[in-house]
Amino acid sequence: MFYYGRKMVFENISFDIGTGKIYGLLGENGVGKTTLLRIIAGLLFPEKGSCTVLGMEPAKRLPALLQEIFYLPEEFGTPFIKVENFAKNTGCFYPAFCMEQFCTYAKEFDVDITRKFTELSFGQKKKAMLAFGMATNVKLMLLDEPTNGLDIPSKTQFRKLVAQVAADDRTFIISTHQVRDLENLIDPIIILDYRDVLLNHPVEAISKKLWFGIRDKAPDNALYAEPALNGVYTVEENSSGRESRINMEQLFNAAMMNKTRFKQLFNH
Amino acid sequence: MNNTFNWQRFTMVLRKDMQGLSRQFIQLAIIIAAAFLIIFVYTLVFGKGYDTYNNIRLAVITGIFIGVTFTAPFQLYKRYNHKIYGVNYFMLPASLTEKWFSMWFYCGIVTPLFIVLASTVTDCCLYPFYTWTEKALWFSFALPSVLPKGLLTLDVIISFFAVQSLLFLGNAWFQRAKVQKTVIGIIIFSAVYAMFISVLLSSAISIFNFDLIADISPTPDDSQITANLSINTDYIPTTGLMILKFISCLIAPVGLWFVSFLKMKEQQL
């Protein structure tokens, strides 16, 4: 259970995060995506219940856990120093940090690490922090809207990098509204609702239960329909077991419009 | 892994903090050097003597010393518990103890020493240009005169920590409008503390010196009153003031530091 002032954000929610996966955390504004990330990072404490990360309580902020977590918020502060100096003096706190990797990732992101943070644009600062985060080689990366502020080539680069550094012992939780930026990257998908979790399933499980496609006319039992130039995009229950490619945005819209049905479909 | 305190990790925190704070310390050194230079040029241009130079310089450095050291927690660590800017600090893989001690070290130890050092270095740089006949030997001139006489007594150092501990707590307690809220907090705290002290002192008077005080009122002679009063002030406060001093200079600062530590532990961003 978690309150923001008097407003209850989470109530009776319970879910597990597996290792070696790239989770996509979706939800409307204000449902608590950032709050959830901050609870996992140990920056916020749940009033009731518990949150355990790698067998430790994040709220205790133990160095043993902190050195395995990297959290990049949507808005973040940077020091008044050169990027490379920041990486050197902060990287030493992370046992698996690799300066060479950092230089490589920064180069791939086209960030000049000899410049001060104050001389960089917001997008460049974000790329520098992302490169640093990847180079820490921590077990849990928490990224809040990582593609916000990135230009199109950088978004592509970000996807490539995440795919490149993803490992069996490394978990990413990426909160985003820009689902199209990360469509081919995230799996499983978590959809948060007010005080609740609507969905926490791998892409494969979702595509077994839902069908995404184009029809001339939306069927009556469609969970979601969206007119397009060449017909109507629909999301339907996959009763015949057909294979389809998940459209993240349509999935999210379908979930928002059919909350009860989604819970029945996926939580039972 | 020791999750409470590790010396190697602590030195890394010190180094990292220094990296972030170096800009502020450089600015401080420039302010001190500029202030001394302006005073020096002023005294030369207007043909003032060494005493004028020294008096102005002492007044300025005292002002800087008090202003900067007391407000050091705000100057150096203002953003550490900020919802956006504080995330990096709290997510840094070091223990709270290490972070707190680093903060305390820079505010309570490094800042005052840095002011003394910067003043001394500036003095040393200006020394060859002194035209006054009073000029003394290099360090005997520079060091003792950097700070006003008596500033480095134990009592003053303890009092300095006592005042700074209040501001240290204010910096940890509040997330927004820290300075304003801390000032209001100190005013309220001072009022409550003054009431507590007055109760303490009146208790001490009633316990230790009730008869002596009673002697004062019937005495018509002013000098006699003064004499009795001097006896009272010598006698009563000895115990009372010792307790008061102990509370003010030791218990209170340590308590406030501990509360600031706990606040940091419970801080949510």
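A brief report on the enclosed structure follows. (Residues numbered from 1 in each chain as written. Chains lettered and ligands numbered in written order. Predicted model: local features only at pLDDT ≥ 70, side-chain atom pairs only at ≥ 80, totals over all residues. Heavy atoms only, no water.)

**Observations concerning the interface of chain A and chain B**
Part 1 of the argument: Contacts between chain A and chain B engage 29 residues on the former and 28 residues on the latter.
Part 2 of the argument: With both chains or domains summed, chain A and chain B bury close to 2,700 Å², and 61% of this area falls on carbon and sulfur atoms.
Part 3 of the argument: The largest share of the area that chain A buries against chain B comes from R61(A), P63(A) and F93(A), three residues that together contribute 25% of it.
Part 4 of the argument: Seen at the junction of chain A and chain B, the total is 0 salt bridges.
Part 5 of the argument: Inspection of the chain A/chain B interface yields 12 residue pairs in polar contact (both at pLDDT 80 or more). (Contact = heavy atoms within 4.5 Å. Buried area = accessible area lost by both parts, 1.4 Å probe. Salt bridge = Lys/Arg side-chain N within 4 Å of Asp/Glu carboxyl O. Polar contact = N/O pair within 3.5 Å; in protein donor to acceptor, adjacent residues only side chain to side chain.)

**A look at the packing of aromatic side chains**
Part 1 of the argument: Scanning the model with the defined rule gives 30 aromatic pairs over all chains in all.
Part 2 of the argument: Ring geometry for F86(A) and F117(A): centres 5.4 Å apart, planes at 85°, overall edge-to-face. Of this pair, F86(A) sits in helix α3 (residues 83–91) while F117(A) is found in the loop between α4 (99–108) and α5 (122–136), placing the two residues 31 residues apart along the sequence.
Part 3 of the argument: Centre to centre, the rings of F25(B) and F114(B) are 5.0 Å apart; their planes meet at 55°, and the pair counts as tilted. One end of the pair, F25(B), is in helix α1 (residues 7–45); the other, F114(B), is in helix α5 (residues 96–126), with 89 residues separating them in the sequence. Considered together, F25(B) and F114(B) belong to a single accessibility category, that of buried residues. (Phe/Tyr/Trp six-rings, centres within 6.5 Å; stacked < 30°, edge-to-face > 60°. Helix = DSSP H or I, 4+ residues; strand = E, 2+ residues; numbered from the N terminus. Buried < 20%, exposed > 50% of the residue type's maximum accessible area, 1.4 Å probe, protein only.)

**Notes on a nonpolar patch on the surface**
Part 1 of the argument: Taken together, the side chains of L37(B), V41(B), Y42(B), L44(B), V45(B) and F46(B) define a hydrophobic patch exposed on the protein surface, amounting to about 560 Å² of accessible area.
Part 2 of the argument: Examined against the element boundaries, V45(B) turns out to sit in helix α1. (Patch = residues over 30% accessible without salt bridge, like charges linked within 9 Å, V, L, I, M, F, W, Y side chains within 5 Å. Areas by Shrake-Rupley, 256 points an atom, 1.4 Å probe, with all protein chains shown as cover.)

**Some words on the sheet that holds strand β9 (residues 210–215) of chain A**
Residues and elements named next belong to chain A.
Part 1 of the argument: With antiparallel pairing, the 3 strands of this open sheet are ordered in space as β9-β11-β10. Only two strands of the sheet have a single neighbouring strand rather than two, namely β9 and β10 (224–228). Across the sheet, the axes of successive neighbouring strands diverge by a mean angle of 15°, strand direction being ignored.
Part 2 of the argument: For β9 and strand β11 (residues 231–237), the ladder comprises 6 bridges, and the chain directions are antiparallel. Across the sheet, the residue bridging to L210 is E237, located in β11.
Part 3 of the argument: Seen against the sheet, helix α8 (residues 248–257) touches β9, β10 and β11 and runs at an angle of roughly 135° to β10. (Pairing = 2+ DSSP bridges. Axes fitted to C-alpha atoms, helices over the stretch in contact; angles between N-to-C directions.)

**Brief notes about the sheet that holds strand β6 (residues 171–175) of chain A**
Residues and elements named next belong to chain A.
Part 1 of the argument: Here we have 6 strands laid out as an open sheet, ordered β4-β5-β6-β3-β7-β8, and mixed in their pairing. Single-partner strands in this sheet number two, and they are β4 (69–72) and β8 (196–201). Sheet twist, expressed as the average angle between the axes of neighbouring strands with direction ignored, equals 15°.
Part 2 of the argument: In the sheet, strand β7 (residues 189–193) pairs with β8 via 5 bridges, with the strands oriented antiparallel. Each residue of the ladder has a partner; that of I190, found in β8, is N200.

**Details of the layout of surface pockets**
Part 1 of the argument: By volume, the largest pocket amounts to about 930 Å³.
Part 2 of the argument: Lining the largest pocket are 39 residues, with G20(B), L21(B), Q24(B), L76(B) and R79(B) sitting closest to its centre.
Part 3 of the argument: Those elements that provide at least two residues to the lining of the largest pocket are β4, α3 and α5 of chain A together with α1, α3 (72–77) and α4 (87–91) of chain B.
Part 4 of the argument: When residues of the lining of the largest pocket are assigned to their parent elements, the largest contribution, 11 residues, is made by α1(B).
Part 5 of the argument: Along the lines of polarity and charge, the residues of the lining of the largest pocket split into 23 nonpolar, 11 polar and 5 charged.
Part 6 of the argument: Approximately 730 Å³ is the volume found for the second largest pocket.
Part 7 of the argument: Residue assignment for the lining of the second largest pocket shows that the elements contributing at least two residues are α1 (33–41) and β6 of chain A.
Part 8 of the argument: Per-element accounting of the lining of the second largest pocket gives the leading share, 3 residues, to α1(A).
Part 9 of the argument: Grouping the constituent residues of the lining of the second largest pocket by class yields 15 nonpolar, 8 polar and 5 charged. (1 Å grid on protein atoms, 1.4 Å probe; cavity = no way out; pocket = protein on both sides within 12 Å on 5 of 7 lines; lining within 4 Å. Points joined across faces, edges and corners; volume = space filled by probe spheres on them. Nonpolar A, V, L, I, M, F, W, Y, C, P; charged D, E, K, R; others polar.)

**A closer look at the side chain of T136(A)**
Residues and elements named next belong to chain A.
Part 1 of the argument: In this fold, T136 is placed in helix α5.
Part 2 of the argument: With relative accessibility at 0%, the residue T136 sits in the buried group.
Part 3 of the argument: Among the polar contacts made by the side chain of T136, one reaches the main-chain carbonyl oxygen of G133 at a distance of 2.4 Å.
Part 4 of the argument: Among all residues touching T136, those that are not within four sequence positions of it are F70, Y94, A96 and F97.

Shape is all these values report; function is a separate question.
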